[in-house]
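Notes for the structure review
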Amino acid sequence: MTQHQCLLIIDFGSQVTQLIARRLRELNIYSEIRPFNAVTAETLQQIAPKAVILSGGPASVTEAESPRAPQEVFGLGVPVFGICYGQQVMMEQLGGRVEAGHHAEYGRAFISPAAGHKGDGIFNGLFETGREEVWMSHGDRVTQLAPGFEIIGTSPNAPMAMIADEARHFYAVQFHPEVHHTANGRKMLENFVRLAGFTGDWTMASYRDEAIALIREQVGDRKVICGLSGGVDSSVAAVLIHEAIGDQLTCVFVDHGLLRLNEAQEVVSMFRDNYNIPLVHADESELFLGALEGISDPEVKRKTIGKLFIDVFQKYANDIEGAEFLAQGTLYPDVIESVSFSGGPSVTIKSHHNVGGLPEKMGLKLVEPLRALFKDEVRALGRELGLPASFIGRHPFPGPGLAIRCPGEITRDKLEILRKADAVFIDQIRKHGLYDEIWQAFVAILPVRTVGVMGDGRTYDYACALRAVTSVDGMTADYYPFSHEFLGETATRIINEVKGINRCTYDITSKPPGTIEWE
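The rules we used
- Residues numbered from 1 in each chain as written.
- Predicted model: local features only at pLDDT ≥ 70, side-chain atom pairs only at ≥ 80, totals over all residues.
- Heavy atoms only, no water.
- 1 Å grid on protein atoms, 1.4 Å probe; cavity = no way out; pocket = protein on both sides within 12 Å on 5 of 7 lines; lining within 4 Å.
- Points joined across faces, edges and corners; volume = space filled by probe spheres on them.
- Domains from an automatic or database assignment.
- Buried < 20%, exposed > 50% of the residue type's maximum accessible area, 1.4 Å probe, protein only.
- Helix = DSSP H or I, 4+ residues; strand = E, 2+ residues; numbered from the N terminus.
- Pairing = 2+ DSSP bridges.
- Contact = heavy atoms within 4.5 Å.
- UniProt positions renumbered as here; feature names shortened; annotations may be inferred.
- Axes fitted to C-alpha atoms, helices over the stretch in contact; angles between N-to-C directions.
- Parallel < 35°, antiparallel > 145°, perpendicular 65-115°, else oblique.
- Nonpolar A, V, L, I, M, F, W, Y, C, P; charged D, E, K, R; others polar.
- Salt bridge = Lys/Arg side-chain N within 4 Å of Asp/Glu carboxyl O.
- Left-handed = near helix turned anticlockwise from the far one by under 90°.
- Expected span 1.5 Å × (residues − 1).
- Polar contact = N/O pair within 3.5 Å; in protein donor to acceptor, adjacent residues only side chain to side chain.
- Phe/Tyr/Trp six-rings, centres within 6.5 Å; stacked < 30°, edge-to-face > 60°.

Things to note about the layout of surface pockets
In this structure, the second largest pocket occupies an estimated 460 Å³ of space. If you go around the second largest pocket, you meet 23 residues; those closest to its centre are Tyr-30, Val-335, Glu-368, Arg-371 and Ala-372. Structurally, the lining of the second largest pocket is a two-domain feature, drawing no fewer than three residues from each of domain 1 (7–196) and domain 2 (204–393).

Quick look at the pairing of strand 18 (residues 457–470)
Of all the 14 residues making up strand 18, 10 are buried; the element is thus mostly covered by neighbouring parts of the structure. Looking at chain direction, strand 17 (residues 440–454) and strand 18 are connected through 12 bridges and run antiparallel. Across the sheet, Thr-450 pairs through a bridge with Asp-461, a residue of strand 18. Judged from the five bridges that link them, strand 18 and strand 20 (residues 501–506) form a sheet pairing that is parallel.

Digging into the side chain of His-395
Of note, His-395 is situated in the loop between helix 13 (389–392) and helix 14 (412–431). Its relative accessible area of 6% is what places His-395 among the buried residues. When near neighbours in sequence (up to four residues on either side) are disregarded, His-395 contacts Arg-260, Tyr-435, Ile-438, Trp-439, Gln-440 and Ala-441.

Some points on the UniProt feature "active site" (unreviewed entry) in the protein chain
Cross-referencing UniProt, the feature "active site" (unreviewed entry) maps to Cys-84, His-176 and Glu-178 in the present numbering. With the annotated positions falling across 95 residues, the maximum pairwise C-alpha distance of 11.0 Å places them together in a single cluster. According to the relative accessible area criterion, Cys-84 is buried, its value standing at 5%. For Cys-84, the contacting residues outside a window of four places in its chain are Gly-56, Ser-137, His-138, Val-173, Gln-174, Phe-175 and His-176. Note that Glu-178 resides in the loop between strand 11 (170–173) and helix 4 (185–195). Of the residues examined, Glu-178 reaches a relative accessible area of 1% and is grouped as buried.

Remarks on the packing of helix 5 (residues 204–219) against helix 12 (residues 375–384)
Taken N-terminus to C-terminus, the directions of helix 5 and helix 12 make an angle of 75°; their axes are 9 Å apart at the nearest point. When the axis of helix 5 is compared with that of helix 12, the two are roughly perpendicular. The residues of helix 12 that touch helix 5, namely those facing Met-204, Ala-205, Tyr-207 and Arg-208, are Glu-377, Ala-380, Leu-381 and Glu-384. The residue inventory of the contact of helix 5 with helix 12, partitioned by class, reads five nonpolar, no polar and three charged.

A word on the pattern of salt bridges
Oppositely charged side chains may form a pair once their charged atoms are brought near each other. Scanning all chains against the criterion turns up 26 salt bridges. Here Asp-507 makes a salt bridge to Arg-467, at a shortest N to O gap of 3.4 Å. Taken together, the residues Asp-507 in the segment after strand 20 and Arg-467 in strand 18 connect sequence positions 40 residues apart. Counted as one network, the salt bridges with shared partners bring together Arg-22, Arg-23, Glu-26, Arg-186, Glu-190 and Asp-376.

Side note on the packing of helix 14 against helix 15 (residues 484–497)
Direction vectors running N to C along helix 14 and helix 15 enclose 145°, while the axes themselves pass 10 Å from each other. Crossing of helix 14 against helix 15: the hand is right-handed. Between helix 14 and helix 15, the residues in contact are Ala-421, Val-424, Phe-425, Asp-427, Gln-428, Ile-429 and Lys-431 and Phe-486, Glu-489, Thr-490, Arg-493, Ile-494 and Glu-497, respectively. Among the residues making up the contact of helix 14 with helix 15, the classes are represented as six nonpolar, two polar and five charged.

Regarding helix 14
Since the α-helix advances by 3.6 residues per turn, residues separated by three or four positions end up pointing in the same direction. Taking 1.5 Å of rise per residue, the 20 residues of helix 14 would be expected to cover 28 Å, and the 29 Å separating its terminal C-alpha atoms lies within 8% of that figure. The inward-facing, buried residues of helix 14 contact helix 8 (285–292), strand 17, strand 18, helix 15 and strand 20. Just past helix 14, the residue Gly-433 takes up positive phi, approximately 70°.

Points about the environment of Arg-272
Tracing the backbone through its elements, the reader meets Arg-272 in helix 7 (residues 263–274). Of note is the side chain of Arg-272, whose polar atom sits 3.1 Å from the backbone oxygen of Leu-279.

A look at the packing of aromatic side chains
Taken as a whole, this structure holds 15 aromatic pairs when the rule is applied. With a centroid separation of 6.4 Å and 80° between ring planes, the pair formed by Tyr-479 and Tyr-506 is classed as edge-to-face. Highlighted residues: Tyr-479 in strand 19 (residues 478–479) and Tyr-506 in strand 20, separated in sequence by 27 residues. Pairwise contacts between aromatic rings join Phe-425, Tyr-479, Tyr-480, Phe-482, Phe-486 and Tyr-506 into one cluster.

Some details on the sheet that holds strand 16 (residues 365–367)
Strand pairing in a sheet relies on backbone hydrogen bonds, with the paired strands running either antiparallel or parallel. The five strands lie next to each other as 14-13-12-15-16, forming an open sheet whose pairing is parallel. Of all strands in the sheet, those bounded by a partner on one side alone are strand 14 (279–283) and strand 16. The sheet shows a mean angle of 30° between the axes of neighbouring strands, taken without regard to direction. Note that strand 13 (residues 249–255) and strand 14 share five bridges and pair parallel.

Observations concerning the pairing of strand 9 (residues 150–155)
When a strand is regular, its side chains alternate between the sheet's two faces. In terms of strand pairing, strand 9 meets strand 10 (residues 158–165) through four bridges, oriented antiparallel. Across the sheet, Gly-153 pairs through a bridge with Met-162, a residue of strand 10. From the end of strand 9 to the start of strand 10, which pair antiparallel, there are two residues.

Quick notes on unusual backbone geometry
Most of the time, phi is negative for any residue but glycine, and the peptide bond is trans. Cis peptide bonds are those with omega within 30 degrees of zero, and the linkage from Lys-511 to Pro-512 qualifies with -15°. Inspection of the secondary structure puts Pro-512 in the segment after strand 20. Positive phi outside glycine occurs at Phe-127, with the angle close to 65°. Tracing the backbone shows Phe-127 in the loop between strand 6 (105–113) and strand 7 (132–138).

Now the structure itself:
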């Protein structure tokens, strides 16, 4: 692939490190995230970054053997920006001091300019209203600046909240400019990349051309199998690969019986009719639902589905003669998590459904044309490839499907009720023109029955929870503020049109502390 100008993000384990890369990609800047313990002098020489950002992290620099940045970073002669823990690491390694035991600071805070400073360098254009609203998350704080640094901004619990060494183009902040709660965070990042001399050469049009050329070079005249889930990621990967190599690609669509109403038919129709891509429809719903019978633990559900998916995919893929490559819709967050899990400081929240292990079992080589992209970039690439807007804009759907929207034991009857209720909810959202305002919306069927009265009769049916959230990236989310009129109208439709439900609730939990999905 063409060598793009690169900004290196050194990851110390913050839950929001990916947001830094996301914000930069929005500015057409190519960035890579590497765990702190995977960055060496050789790495730096290979990547040749035009700038470096040091991320936040959960550790304390006051603790023995806490993470550090490679000292070579500060001798590269490029701008360096330390964020939260990254600020503390910078100070500790350049001759300043960090102390624990001060007042912790979490959430919204306000930064005031230090005496004589209105902000230069990456802080240019800030403090126009007299102070800056930011998002803090720290326990330790800097108590002594490294030589060459000066204070730009201060808060009650972080007297050195913004600091800079303009001569070396080193900058650091105690807060998180990458989160949306920091009002002018984007402006700081824009200032930083402009100061570093980035030209913004990362676009989806160029990525498409480069990816097609790479696929053709890697595959040659050999055959590729693609595991198609019907989601945006695998679909974009399939269309991109088909554009590169045509009928050398065969897609295998594993229907596990946990899809939404009419979803299997829609996927098959789109790929066979609209794109003329060879497609094997593997309807194995009975196998999956039989294996899930009696299982209520969410992790066991996920692992059962994941293992069966691999077995089923392998069975159908073995019938495709001469295939040497397996295509997957792996995204950059998957790559980051895999690296971090094997050696970095982050933790696993829950297991994910993927076709892990297949390449080795089947002796296939991997084709992963999306592995450099974030989710919003995949959608942009889909638009470049001409996929229907209605498909590209679909809400995310989990690999285990409706299994994790059915807390407790899964039955065919509950799945049928859930499909119908979900279809009504999404229909309501579309009718009211709200679909594109919402990141994800769905119904969960609850593992309880409640008493109701319908007409002159008593009912004892399931309750369901409606869930709709707004988000930029799925890492944090808030519930969508439907009007009571909308909720009342929707509940009435579901109860009237879906036999088996007699009570609707609306989930108003944010993420964190909840997750978007129920399991």
